[in-house]
Amino acid sequence: MAAENQAYASAEPKVRMQQMPLTFLGEGGRARVVKVRGKGDVHHHLENLGFVEGADVRVISGSSGNLIVEVKGARVALDKSVASKIITC
């Protein structure tokens, strides 16, 4: 019987979160950073600010796509083009 329960447990569907750019989160929204797109200085700068894989992010406020977010205890202002490079789930 234990083998049947294990087989059933492994057959349960796994929930997969939808990935989306940080710009899609509304005010007060929370998510986790999955990846940072892009290369070069912008990518490196975002990582230095704390936007690394697994970091929790909360949108404090937004206006015209520009955001103020909290990441690793710091508040950071991002314009729409930079925020769209941060992929969350």
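One structure accompanies this document, and this report is about it.

Parameters and conventions
Residues numbered from 1 in each chain as written. Predicted model: local features only at pLDDT ≥ 70, side-chain atom pairs only at ≥ 80, totals over all residues. Heavy atoms only, no water. Core = buried A, V, L, I, M, F, W, Y, C linked by side-chain atoms within 4.5 Å. Buried < 20%, exposed > 50% of the residue type's maximum accessible area, 1.4 Å probe, protein only. Helix = DSSP H or I, 4+ residues; strand = E, 2+ residues; numbered from the N terminus. Contact = heavy atoms within 4.5 Å. Pairing = 2+ DSSP bridges.

Some remarks on the nonpolar core
In terms of nonpolar packing, the biggest core is built from 18 residues, with Leu 22, Phe 51, Val 69 and Leu 78 touching the most fellow members. Elements with a contribution of two residues or more to this core: strand 2 (30–36), strand 3 (56–63), strand 4 (66–71), strand 5 (74–78) and helix 3 (80–83). Excluding residues within four positions of it along the chain, Leu 22 makes contact with Phe 51, Val 57, Val 59, Leu 67, Val 69, Leu 78, Ala 83, Ile 86 and Thr 88.

Observations concerning the sheet that holds strand 4
Reading across the sheet, the six strands line up as 1-6-2-3-4-5 and stay open at both edges, with antiparallel pairing between neighbours. Among the strands making up the open sheet, the edge pair consists of strand 1 (20–21) and strand 5. In the sheet, strand 2 pairs with strand 3 via three bridges, with the strands oriented antiparallel. Bridging across to strand 3, Arg 32 finds its partner in Asp 56.

Structural notes on the pairing of strand 4
Here strand 4 shows a buried face lined by Leu 67, Val 69 and Val 71 and an unburied face lined by Asn 66, Ile 68 and Glu 70. Taken together, the six bridges between strand 3 and strand 4 define a ladder with antiparallel strand orientation. Along strand 4, the bridge assignment pairs Val 59 with Val 69. Joining the antiparallel neighbours strand 3 and strand 4 is a turn of two residues, in which Ser 64 adopts a positive phi near 55 degrees. Taken together, the five bridges between strand 4 and strand 5 define a ladder with antiparallel strand orientation.

Some words on the environment of Glu 53
Residue position: Glu 53 is located in the loop between helix 2 (40–49) and strand 3. Given a relative accessible area of 69%, Glu 53 falls into the exposed group. Each C-alpha atom, one on Glu 53 and one on Val 36, is 7.8 Å from the other, the two residues being 17 residues apart in sequence. When neighbours within four sequence positions are excluded, Glu 53 is seen to be in contact with Val 33 and Val 34.

Overview of unusual backbone geometry
Within the chain, Ser 64 stands out as a residue other than glycine whose phi angle is a positive 55 degrees. Structurally, the position occupied by Ser 64 is in the loop between strand 3 and strand 4. Here Lys 72, not a glycine, exhibits a phi torsion of approximately 50 degrees, which is positive. Inspection of the secondary structure assignment puts Lys 72 in the loop between strand 4 and strand 5.

A short note on the pairing of strand 2
The sheet contact formed by strand 2 and strand 6 (residues 86–88) spans three bridges and is antiparallel. Bridge pairing in strand 6 places Lys 35 opposite Ile 87.

Without other data, these values stay purely geometric and don't point to any function.
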